[in-house]
Amino acid sequence: MTEDRTAHSDTADLIWSVADLLRGNFKRSQYGRIILPFTILRRLECVLAPTKMEVLTAAQENQSKPDKTREQLLFRKSGFDFFNASPLTLATLSDNQTAEDLMSYVQSFSKDAREIFDYFHFDEFVQQLDSENLLYLVVQQFASFDLRPKTISNFGMGIIFEELIRKFAESSNETAGEHFTPRDIVHLTTSLVLTGQDDKLKPNSIVTIYDPTAGTGGFLSEGDEYIQQISEDVTVSLHGQELNPESYAICKADMLIKGQGISNIKLGNTLSDDQLASNTFDVMLSNPPFGVEWKKVQKQVTDEHKSRGFYGRFGPGLPRVSDGSLLFLMHLVSKMRDPREGGSRIGIILNGSPLFTGGAGSGESEIRRYLLQNDIVEAIVALPTDMFYNTGISTYIWILSNNKPAERKGLVQLIDATNRASKMKKSLGSKRQFISENDQDEIVRLYGDFQETDKSKLFPVEAFGYRRITVERPLKLNFQTSEERIERVLNEKAIQKLDQEDQEKVLAACKSMDAETVYRNRKQFQKALKSALTDHQVYLSAPQLKALLNALGERDPDADVCTDNKGNPEPDAGLRDNENVPLGESVYDYFDREVKPHVPDAWIDESKQDEKDGEVGIVGFEIPFNRHFYEFTPPRPLEDIDADLKQCTDRIKQMIEELSA
């Protein structure tokens, strides 16, 4: 696999060298928009070459037949779901009317293949190349590239497209990782999702695969190839949607070459415009963009959440607008088949945020709650860092199923595969490591064994849940009419709203009280204060009196507890705290054991109840992955540290002596 990638990377470098012709006449950001469609054109040409003469003969002999009949004949002669009825090739285009010949050649493709070039605005770039007297040179260079299937497989062509897109992204400051996923990660994810699925892959069965962020079609191609390798007589139907027109065009070309129907590959934003809304699928694979905000589609998504609830895709809740990856996850879950019809399996690559972002009651927590309490999460695999072209962050493969085997029901498997990486000979963007075939096999084996090891942990779904209780402590204040505290009175907004005369009366009333006396009982002070205010003919409203007390009071642990009119202690907002109680444990038992011994006067705010079950405490779910695989490394002995420090200081002294010599 590594050798193949190296050879194909060299081919990609050769193709990208066409940029040398473009330099100076085109912007760097335009190179890819010329090189990619020409690469597709050359690949299509090479694929059709063996049957070209048969197609041309059939086209000539059947000119008088209806278009649909003639097309069907040409499809059969070409051996693919596309054809080209022009006698031209890139090598035979004339040098004096290259643009006209080239566009005539492209227009002679069948409709689906012809439309691919529209997404690149190919005709516009052809005219620009022609006006710069570069078109014939570019055409001749592409005509020299050997992209025949017997030389470069479909898998290899996928790698070449990946490399070209990465170079294009680098030259135009775009994010390459948004367009495709490295093939080692694609293969691993596909293997995890399809392993042990013999029931779905029986002879003569039909398996549907879907990717809502299809990119250039890597997941779809890999899923198809995987199934064809391990099963016989299984029909694979590929479905997908892609936002980027150029990636969509490459995906469409790939599907055509492989003989896959392309009517189920859609262009558009999956979150705001699901073009396969009524479909459900057997297998779903996706690598949505990491940490990308969904503000552009916020209105459509929020409207669906509010109006359709659980009848739509986003019933459990919405994540914060800065990261939409959980929206893609919920979108996939909404497309699961009924378990009575075999259910569905999902493999999705996410960053660390969906594991723990958002506290109890947040949209993220509610989504995790829905997934876990409905027993849909089967396994999560932590990948090594530096695996993707555009980021080196920690990433995870989530495996989900709504039809778990009996032994997995109610359990979630966490697999630590962070050490399963090999260094690449040459970094590709941020991708400095890859997962070898042997390591992929080992990860799949860990998943399949479903055993408790140092790298594989099994947890009941409840282990990730908790109740967040609000712990209150009583408000204790002392009061004094000292000069310092009286100065704070006019900082209170409620007092500031009084007219000048009343403000002066309030201050006079406060100053009339004994400035040395410290009251440690609010009711006693309040009584003395009201008396002083009455003497000065000041009559305050409840909010104004509260503001005055706030200015004259300070926290004092030795003061009496402040109580309300019913004699209940008032909580001190400044001392308010939250405790996460493991789900299934009594919040009162936990409180008595963990809180009460340390703060005997604390109590649980029983008004904070979960909306769904009505019990005290807000339910939350998080998956603290790293905590479960943390290994304590003892600190080095002090003697070793002292020795290193002495060696370091001795070296510094020596350097100083050499400088002063």
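Above this text sits the structure in question.
Here's what I pulled together on the structure shown here.

Rules of the game
- Residues numbered from 1 in each chain as written.
- Predicted model: local features only at pLDDT ≥ 70, side-chain atom pairs only at ≥ 80, totals over all residues.
- Heavy atoms only, no water.
- Helix = DSSP H or I, 4+ residues; strand = E, 2+ residues; numbered from the N terminus.
- Buried < 20%, exposed > 50% of the residue type's maximum accessible area, 1.4 Å probe, protein only.
- Contact = heavy atoms within 4.5 Å.
- Areas by Shrake-Rupley, 256 points an atom, 1.4 Å probe, with all protein chains shown as cover.
- Lys, Arg positive; Asp, Glu negative; His and termini not counted.
- Charge placed at Lys NZ, Arg CZ, Asp CG, Glu CD.
- Salt bridge = Lys/Arg side-chain N within 4 Å of Asp/Glu carboxyl O.
- Core = buried A, V, L, I, M, F, W, Y, C linked by side-chain atoms within 4.5 Å.
- Pairing = 2+ DSSP bridges.

Turning next to the overall build of the chain. On a plain count of helices and strands, the chain comes out with 26 helices and 17 strands. Counting only C-alpha atoms, the chain reaches 115 × 80 × 65 Å along its principal axes. Within the chain, the fraction of its 661 residues that count as buried is 51%. Counted over contacts in the chain with a minimum sequence separation of 6, partners at least 24 positions apart contribute 76%. Within the structure as shown, the chain displays about 32,100 Å² of accessible surface, and the carbon and sulfur contribution to it stands at 47%. Here the chain contributes 78 positive and 104 negative side-chain charges, whose respective centroids are spaced 2 Å apart.

Bringing the pattern of salt bridges into the picture now. Per the counting criterion, the structure on display carries 45 salt bridges. Between Asp449 and Arg445 there is a salt bridge, with the nearest N and O atoms lying 2.4 Å from each other. You can see Asp449 and its partner Arg445 sitting in helix α18 (residues 437-449), four residues apart, about one turn around the helix. One salt bridge connects Lys608 with Asp605, and the closest N-O pair in it is separated by 2.9 Å. The class of Asp605 is buried, set by a relative accessible area of 15%. One network of salt bridges, with partners in common, ties together Arg420, Asp439, Glu442, Arg445 and Asp449.

Further remarks concern unusual backbone geometry. A positive phi angle, close to 55 degrees, is found at His121, a residue other than glycine. Examined against the element boundaries, His121 turns out to sit in the loop between α7 (111-118) and α8 (122-131). At Asp375, a residue that is not glycine, the phi angle is positive and equals roughly 55 degrees. Of note, Asp375 is situated in the loop between α17 (363-373) and β6 (377-382).

Turning our attention to the nonpolar core. Ranked by size, the top nonpolar core spans 96 residues in total, and within it Phe38 and Leu102 carry the most contacts. Among the elements that line this core, the one with the most residues is helix α3 (residues 31-48), at eleven residues. Residues Val297, Leu332, Leu372 and Leu414 belong to the second largest nonpolar core, which totals 42 residues.

The element strand β12 (residues 465-472) is largely enclosed, with a buried count of seven among its eight residues. Bridging between β12 and strand β17 (residues 618-621) involves four bridges; their strand directions are antiparallel. Across the sheet, the residue bridging to Tyr466 is Gly620, located in β17. Here six bridges tie β12 to strand β15 (residues 577-582), and the two strands are oriented antiparallel to one another. Looking at the pairing, Arg467 lines up with Val581 of β15. Examined bridge by bridge, β12 and strand β16 (residues 603-604) share two bridges and lie antiparallel to one another. If you follow Glu472 over to β16, its bridge partner there is Trp603.

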